[in-house]
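Next come the chains, spelled out residue by residue.
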Amino acid sequence: MDEKTKAAPVYRPGRVLFSEREISVRVRELAETIAAETRGGGLLVVGILNGAAIFLSDLARCMPLELDVQIDFMSISSYGSAAQTSGTVRVLKDLGGDIAGRDVLVVEDIIDTGLTLSYLLDMLKTRRPASLRTCVLLDKSARREVAVKVDYRGFTIPDAFVIGYGLDWAGKWRHLPDIRAAEPWAG
Ligand code: 5GP
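### A few points about the overall build of the protein chain
Across its full length, the protein chain holds three helices and nine strands. In the protein chain, the succession of helices and strands from N to C terminus is β-α-β-α-β-β-β-α-β-β-β-β. Whereas a compact globule of 187 residues would reach a radius of gyration of roughly 16 Å, the protein chain reaches 17 Å, a difference of no more than 12%. Dimensions of the protein chain, computed from the C-alpha atoms along their principal axes, are close to 60 × 35 × 30 Å. Burial status across the protein chain gives 42% buried among its 187 residues. The long-range fraction of contacts in the protein chain, counting pairs at least 24 apart against all pairs at least 6 apart in sequence, stands at 68%. Side-chain charges of the protein chain comprise 24 positive and 25 negative groups, with the mean position of each set lying 2 Å from the other.

### Details of the site of the ligand
Around the ligand lies a shell of 16 residues, among which Thr113, Gly114, Thr116, Val162 and Asp168 are the nearest. Take Asp109: an N or O atom from its side chain is 3.3 Å from an oxygen atom of the ligand. Within the complex, 86% of the 510 Å² of free accessible area of the ligand lies under protein. Taken together, the elements giving at least two residues each to the shell around the ligand come down to β5 (103–111) and α3 (115–125). For the shell around the ligand, the leading source of residues is β5, giving four residues. Of the residues belonging to the shell around the ligand, the class tally is seven nonpolar, four polar and five charged.

About the thresholds
Residues numbered from 1 in each chain as written. Predicted model: local features only at pLDDT ≥ 70, side-chain atom pairs only at ≥ 80, totals over all residues. Heavy atoms only, no water. Helix = DSSP H or I, 4+ residues; strand = E, 2+ residues; numbered from the N terminus. Rg over C-alpha atoms; globule rule 2.2 N^0.38 Å. Buried < 20%, exposed > 50% of the residue type's maximum accessible area, 1.4 Å probe, protein only. Contact = heavy atoms within 4.5 Å. Lys, Arg positive; Asp, Glu negative; His and termini not counted. Charge placed at Lys NZ, Arg CZ, Asp CG, Glu CD. Near = heavy atom within 4 Å. Polar contact = N/O pair within 3.5 Å; in protein donor to acceptor, adjacent residues only side chain to side chain. Areas by Shrake-Rupley, 256 points an atom, 1.4 Å probe, with all protein chains shown as cover. Nonpolar A, V, L, I, M, F, W, Y, C, P; charged D, E, K, R; others polar.

Function cannot be read off these values alone, since they describe shape.
See the structure below:
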């Protein structure tokens, strides 16, 4: 079989990197830290679809009443291949309201090269929020290509493709309660 006709690799869930329990403990810690470092007046928590949906819903539910949280989502698509983002982002679904003067927390599933988040933050800054912070569950810090301010991070991970807890491969495995290494599968 030549390179052109070779089937694309198939991945399935492999080794557990972070268990459901480990994730839940860390998510609660993150929510407590964010709450302690947020002044009153309301926090707008912005999740980036689809990957951050599960993380955001757990994180937000650990946030205390006094934080006066509102939730919104953006959906973006990144130009480039599945394995390598280009950093040019197209907004598929924008925020429902204006963020001018608001304290905004952007919640993302994973940061890799940093190109996607960097582009998104530059775009959101032009809307003049009072503050703009970032919370990422997973950070592949060794692969960073552009500097991005990550205010809150769940776990730093090595360079491996991971799935579960919102993260997919080909649209699958987001529903897994734990985070796993994606394992090549011969079928
Ligand atoms: P960056 O622009 O930082 O290189 O890429 C960030 C995006 O790439 C994430 O939002 C996610 O969609 C995707 N991504 C990067 N690494 C992984 C990974 O290990 N697993 C999954 N499922 N997606 C990843």
